[in-house]
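Commentary on secondary and tertiary structure
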Amino acid sequence: MIKKRFALLSALGLLLFSCKQSAIFYEISLEVEAIEPQIKGSPTNIVQQGDSLYVASRFGSAIYEYKDSEWVPLSPSPGNIIELAATKGALYALTGTPGSLDLQKFSIDSKTWTSIGTKGYNVQSIYGAEDYLFAGAIADHSTNPPTCSILYVEDDGASELTSLASKTSLLKGAVYDGTMYYLATFGSGILPFTEPLSDPLAQQKVADPDHNNIVGIIKVGDKIVAVSRDGYILYGAPTFVAVKALDSYFTGALATWKPEPKAASPRLLLLGIQGEGSTSTTHGYREILLNEDGTLNPDAMSLKESGKNEISSVKDYDDERNGYEQYVVTIGRHPLSSIIQAPDGILFATTTKDGLWSYRERNGKPVWNAED
């Protein structure tokens, strides 16, 4: 009897060991050989101007332009890059070193840089929307959080920064809905402005007053969508509804995604996430399915894991449900600072410290990896 029990326990042990080994081997089979990224470290936001994308390594001297399915250095260089932004008519770069910054504008036609200057403002962030470049500057370090201001410059207007709003929080995004500009701040919510910008609306907090640490904002169909650091999605305009969507954090990376470049409307909203705690490996992004016309459906606004749904930015291959698993062991391990789909359909993302990544076919199958 004892021998039978021992044999049974041994068999169970072998079965469990075999299952564990199978899982380990399966995970190993999903691993993707790491590529050395062409654009390294902590890249700037990826911005789009016309049909071109632009990105740079922070504190590097090269800006890369993605056009005709290839990343090439933009010439000439404006100096050491801190951040990029784009409007309908121009590319902007915040350059220099902390304490000695310059804001420069690139003419797409003449291929030349023009210094706008910072007028002594301690500019920390820049974002473009329609015909305006908006800048967030720290005005007072003695407060906690620091008191900030918002400045702007028009593409075809005055060639220097003009004050727009004072005693705000740091600017984290800008978007235009065809009538109004919505500026996202990390602490003061979402501020609405109409033209002329010198006559702003009352600077009221139009977001839920409990979720004003906004980290990203985007226009989706007929709605403005923003995300707060504490896991809420805010949508609407000119007033916003806040919905709890995540038990961890949003990073602020936002993009719409089309199943193919020539599709009439996007079908997904992509949202960068970051797991709780410094040791978390739950990062990457989540997906929200949009209506067929590209609009947001507030009644079906649930976050989906990439690769787990029929419509997803991540595909299966070899007739197996392995797209999600490979997503988890690649881009799913990295917090994202920005994400965007290029006009040719390739999806790009900037990680917080591991360079520029892309989702494209490599060795016969679509995978996330660093962009070389």
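Bear in mind the structure is a predicted one, so any value in this text is a computation, not a measurement.

Parameters at a glance
Counting of residues starts from 1 at the beginning of each chain's written sequence and follows it residue by residue. Residue-level local features of this predicted model are given only where pLDDT is at least 70; pairs of side-chain atoms are given and counted only at 80 or more, and the full residue set underlies all totals for whole chains, interfaces and linings. Each side-chain value is worked out from all heavy atoms of the structure, with water and hydrogens disregarded. Under the scheme used here, helices are H or I runs from DSSP no shorter than 4 residues and strands are E runs no shorter than 2 residues, and both carry numbers assigned from the N terminus. What makes two residues a contact is simply this: any of their non-hydrogen atoms within 4.5 Å. Method for areas: the Shrake-Rupley scheme with a 1.4 Å probe, in which residue coverage is limited to the protein chains shown. Two strands qualify as a pair provided that DSSP identifies no fewer than 2 bridges between them. For helices, the fitted axis covers only the stretch in contact; all axes are lines through C-alpha atoms, and the angles between them, taken along N-to-C directions, range from 0 to 180 degrees. Basic side-chain nitrogens of Lys or Arg form a salt bridge, by our definition, when they fall within 4 Å of a carboxyl oxygen of Asp or Glu. Throughout this description, the term nonpolar core refers to a set of buried Ala, Val, Leu, Ile, Met, Phe, Trp, Tyr and Cys residues connected via side-chain atoms within 4.5 Å. For each residue, the accessible area found with a 1.4 Å probe, counting protein chains only, is set against the maximum for its type, and the residue is called buried under 20%, exposed over 50%, and partly exposed in between. pLDDT is defined as a per-residue confidence score from the predictor, taking values between 0 and 100. Whether two aromatic rings pair depends on their centres lying within 6.5 Å, for rings of Phe, Tyr and Trp, where Trp uses its six-membered ring; planes under 30 degrees apart make the pair stacked, over 60 edge-to-face, and the rest tilted. Whenever two N or O atoms come within 3.5 Å, that pair is a polar contact, provided that in protein one can donate a hydrogen and the other can accept it, and provided that, for residues adjacent in sequence, both atoms are side-chain atoms.

On to the overall build of the protein. Looking only at helices and strands, one finds two helices and 27 strands in the protein. For the protein, the share of sequence-separated contacts (at least 6 apart) that also reach a separation of at least 24 residues comes to 44%. Split by element, the accessible area of the protein, about 17,800 Å² in all, is 50% carbon and sulfur.

The next subject is the sheet that holds strand E27 (residues 365-370). The four strands are arranged E24-E25-E26-E27 in an open sheet whose pairing can be described as antiparallel. The open sheet is flanked by strand E24 (336-341) and E27, the only strands paired with a single partner. Pairwise comparison of adjacent strand axes, ignoring direction, gives a mean angle of 25° for this sheet.

What follows is about the pattern of salt bridges. Within the structure shown, the criterion is met by ten salt bridges. A salt bridge links Glu83 to Arg58, with the shortest nitrogen-to-oxygen separation between them at 2.5 Å. Taken as a pair, Glu83 in strand E5 (residues 81-86) and Arg58 in the loop between strand E2 (52-56) and strand E3 (63-67) lie far apart in primary sequence, 25 residues in all. A salt bridge links Glu305 to Lys308; its shortest N-O distance comes to 3.0 Å. One network of salt bridges, in which partners are shared, links Lys88, Glu130 and Asp131.

Strand pairing in a sheet relies on backbone hydrogen bonds. The paired strands run either parallel or antiparallel. Taken in spatial order, the four strands line up as E9-E10-E11-E12 in an open sheet, and their pairing is antiparallel. Taken across any chain shown, the strands that pair with only one partner, and hence form the sheet edges, are strand E9 (122-129) and strand E12 (162-168). On average, adjacent strands in this sheet sit at an angle of 25° to one another, irrespective of strand direction. In this sheet, strand E10 (residues 132-140) lies alongside E9 in antiparallel orientation, the contact comprising seven bridges. Considered in E10, the bridge of Ile126 is made with Ala135.

The next subject is the nonpolar core. Membership of the largest hydrophobic core comes to 18 residues, with the highest contact counts inside it found for Tyr285, Ile339, Leu347 and Trp368. Of all the secondary structure elements, the ones that give two or more residues to this core are strand E20 (249-257), strand E21 (268-274), helix H2 (323-329), E24, strand E25 (347-351), strand E26 (356-362) and E27. It is E20 that contributes the most residues to this core, three residues altogether. The residues touching Ile339, leaving out its near neighbours within four places in the chain, are Ala253, Leu254, Ala255, Leu270, Tyr285, Leu347, Phe348 and Ala349. Counting residues in each nonpolar core, the second largest holds 17 residues, with Val225, Leu269, Leu271 and Leu296 among its members.

Let us look at the confidence of the model for the protein. Counting all residues, the mean pLDDT for the protein is 88, and 86% of those residues have values of 70 or more. pLDDT under 50 marks residues 19-26. Its contacts with residues more than four places away, or in other chains, come to three contacts.

Another aspect to go through is the packing of aromatic side chains. Enumeration according to the criterion identifies 14 aromatic pairs in this entry. Judged by centre distance (4.8 Å) and plane angle (45°), the rings of Phe106 and Trp113 are tilted. With a relative accessible area of 0%, Phe106 lands in the buried category. A relative accessible area of 15% places Trp113 in the buried class. Measuring from ring centre to ring centre gives 5.7 Å for Tyr359 and Trp368, while their planes differ by 45°; the resulting arrangement is tilted. Exposure remark for Tyr359: the relative accessible area of 10% places this residue in the buried category. Of the residues examined, Trp368 reaches a relative accessible area of 2% and is grouped as buried.

Turning our attention to the side chain of Asn45. Within the secondary structure, Asn45 is located in the loop between helix H1 (2-30) and strand E1 (47-49). Not counting residues up to four positions away in its chain, the partners in contact with Asn45 are Tyr54, Val55, Arg58, Glu83, Leu84, Tyr127, Ser337 and Ser338.

Another aspect to go through is the pairing of strand E14 (residues 181-186). Counting buried positions along E14 yields five of six residues, so the element is predominantly enclosed. In this structure, strand E13 (residues 170-176) lies alongside E14, joined through six bridges in antiparallel fashion. Within E14, the residue paired with Val175 across the bridge is Tyr182. Counting the residues between successive antiparallel strands, the hairpin from E13 to E14 contains four residues, one of them, Gly178, with a positive phi of roughly 100°. Inspection of the sheet shows E14 paired to strand E15 (residues 189-193) by five bridges, in the antiparallel sense. Within the sheet, the bridge partner assigned to Leu183 lies in E15 and is Leu191. The antiparallel pairing of E14 with E15 creates a hairpin that spans two residues between the two strands, and Gly187 there sits at a positive phi of about 140°.

For Lys244, the position within the fold is in strand E19 (residues 240-244). If we ignore the near neighbours within four places in the chain, the residues touching Lys244 are Asp230, Gly231 and Tyr232. A polar side-chain atom of Lys244 sits 3.1 Å from the main-chain carbonyl oxygen of Asp230. A distance of 2.9 Å separates a polar atom in the side chain of Lys244 from the backbone oxygen of Leu246.

Right, let's get into the environment of Lys167. The residue Lys167 is located in strand E12 in this model. The class of Lys167 is exposed, set by a relative accessible area of 74%. Taking C-alpha positions, Lys167 is 9.1 Å from Asp140, a pair spaced 27 residues apart along the chain. The residues contacting Lys167, other than those within four sequence positions of it, are Thr147 and Cys148.

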